[in-house]
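Listed below are the residues making up each chain.
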Amino acid sequence: MAIATPEVYNEMIDRARAGKFAYPAVNITSSQTITAALQGFAEAESDGILQVSVGGAEYASGSTVKDRVSGSLALAAYATEVAKGYGITVALHTDHCTKKNLDSWVRPLLAHEADQVKNGQNPLFQSHMFDGSDIPLDENLVIAEELLELSQAARTILEIEVGVVGGEEDGHEAAINDKLYTTAEDGLATVRALGSGEKGRYLTALTFGNVHGVYKPGAVKLRPAILAEIQKAVGDSIGKENPFDLVFHGGSGSTEAEISEAVDNGVIKMNIDTDTQYAFTRPVVGHMFTNYDGVLKIDGEVGNKKAYDPRAWGKLAEAGMAQRIAEACRQLRSAGNRMG
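What you see is a predicted model; the values in this text were computed from it and never measured.

Thresholds, definitions, all that
Residues numbered from 1 in each chain as written. Predicted model: local features only at pLDDT ≥ 70, side-chain atom pairs only at ≥ 80, totals over all residues. Heavy atoms only, no water. Core = buried A, V, L, I, M, F, W, Y, C linked by side-chain atoms within 4.5 Å. Buried < 20%, exposed > 50% of the residue type's maximum accessible area, 1.4 Å probe, protein only. Helix = DSSP H or I, 4+ residues; strand = E, 2+ residues; numbered from the N terminus. Contact = heavy atoms within 4.5 Å. Phe/Tyr/Trp six-rings, centres within 6.5 Å; stacked < 30°, edge-to-face > 60°. Lys NZ or Arg CZ within 6 Å of the ring centre and 35° of its normal. Pairing = 2+ DSSP bridges. Expected span 1.5 Å × (residues − 1). Salt bridge = Lys/Arg side-chain N within 4 Å of Asp/Glu carboxyl O.

> Would you mind showing me how to read the nonpolar core here?
Buried together is how nonpolar side chains tend to be arranged in soluble globular proteins. Counting 74 residues, the largest nonpolar core has Phe41 and Leu50 as the members making the most contacts within it. Ranked by residue count, the leading element in this core is helix 13 (residues 310–332), at seven residues. When residues no more than four places from it in sequence are discounted, the contact partners of Leu50 are Val26, Ile28, Ile34, Ala37, Leu38, Phe41, Ala79, Val90, Ala91, Leu92 and His93. Formed by 17 residues, the second largest nonpolar core is a distinct cluster that contains Ala16, Tyr23, Ala25 and Ile157.

Here's what the structure looks like:
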């Protein structure tokens, strides 16, 4: 199936809701990490989501260029081509765009996609995230309402964040405190502003103690039950069961029980980045330590070209990351649930 069309992406979300599973949303920064993610999805027979952060997009354009739009387009183009060979369906998503980055990143991408739609094409990306967690909720929702309208023109889905995810990602940092827990009133305010589907479909990251990165046991207090409480309060108010398509941010390092409860409560997408970064890098470290006299020209020797060939350690990195993604698919119950 390769890259999802807008219709297929909606079907993916519907299937996850009905089947009580979620898709791993894996951050990509290069052709190698795209290949690794696709390999992991394929090994688990799972569909999935490839997502690009602002830093990842800048890196992909060239570390001396740092053009976040160009990098996003390049990663999407590469993924669109190579995904054809893996027998699974993936959606493309941009992750954590804060207010200050909208005009230089997501708004230009939405405009590009609106032009594609006008020309009878599918949009390059299937969804974009606006992260308004660092501004007041009222302002967050005003901007989200505007972006939801733009998303309709681009035939994409908007993802928003209601609440705060702690830790740090791509320079966006938040403290680990009581603000990490979204309230039922926050959920009701979201529906008042954005509707419950009649203004366009959107994904919602309600926070329940989520933190980016990985911390030692006890540092992070996840409370997935909050998701069920908000779903019920808002659902009872508008007469719709489980009104939100939920996203689990800061998923790296979570226990299987926490992941399972979150999925039971309506999560259909879980972001995973820190764990896959480590899974990609760890085999490279092992290769370098084991083959140090081959990857280095020590004492006037010539080294071993087969050891320092980037393909040698690159394959190991991809396999390590793929294995971690396949594990995530099993935890999220998406394994074996690919379309077609």
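> So what exactly am I meant to see when it comes to the packing of aromatic side chains here?
Two aromatic rings are characterised by how far apart their centres lie and by the angle between their planes. A complete count under the given rule lists two aromatic pairs for this structure. A ring pair is formed by Phe21 and Tyr23, whose centres lie 5.4 Å apart and whose planes are at 85 degrees; its orientation type is edge-to-face. Taking the relative accessible area as the measure of exposure, Tyr23 reaches 2% and is therefore buried. Over the face of the ring belonging to Tyr181 we find Arg223, whose NZ or CZ atom lies 4.8 Å from the ring centre.

> Can you walk me through the environment of Trp105 in this structure?
Of note, Trp105 is situated in helix 5 (residues 102–118). The class of Trp105 is buried, set by a relative accessible area of 0%. Note: C-alpha distance between Trp105 and Asp67 (38 residues apart in sequence) is 9.1 Å. What Trp105 contacts, discounting residues up to four positions off in sequence, is Val52, Ser53, Val54, Ala57, Arg68, Val69, Ser72, Thr94, Asp95, His96 and Cys97.

> Teacher, can you tell me more about the pairing of strand 6 (residues 157–162) here?
Side chains on a regular strand alternate between the two faces of the sheet. For strand 6, the tally of buried residues reaches six of six residues, placing the bulk of the element in the interior. What you see with strand 6 is no split at all: Ile157, Glu159 and Glu161 on one side and Leu158, Ile160 and Val162 on the other are buried throughout. In this structure, strand 5 (residues 127–131) lies alongside strand 6, joined through four bridges in parallel fashion. From the neighbouring strand, His128 faces strand 6, where its bridge partner is Leu158. Direction of pairing for strand 6 relative to strand 9 (residues 202–206): parallel, over a ladder of five bridges.

> Please explain helix 10 (residues 274–290) as it appears in this structure.
Residue pairs three or four apart in sequence face the same way in an α-helix, which turns once every 3.6 residues. Here helix 10 contains 17 residues, and its C-alpha end-to-end distance of 25 Å stays within 8% of the 24 Å for a straight helix at 1.5 Å per residue. Those residues of helix 10 that fall on the buried side of the exposure criterion are Asp275, Thr276, Ala279, Phe280, Val284 and His287. Elements in contact with the buried residues of helix 10: strand 2 (23–27), helix 2 (31–44), strand 11 (267–272), helix 11 (292–295), helix 12 (305–308) and helix 13.

> Would you explain the pattern of salt bridges in this entry?
For side chains of opposite charge, pairing can occur when their charged atoms come near one another. Across all of its chains, the model carries 16 salt bridges by this definition. Measuring nitrogen to oxygen at the nearest pair gives 2.4 Å for the salt bridge that ties Lys99 to Glu139. Of this pair, Lys99 sits in the loop between strand 4 (89–98) and helix 5 while Glu139 sits in helix 6 (residues 137–154); the two residues are 40 residues apart in sequence, bridging distant segments of the chain. With its nearest N and O atoms 2.8 Å apart, the salt bridge here joins Arg311 to Asp309. On the basis of relative accessibility, which here comes to 15%, the residue Asp309 falls in the buried class. Within the structure, one salt-bridge network assembled from shared partners comprises Asp14, Arg17, Arg201 and Asp245.

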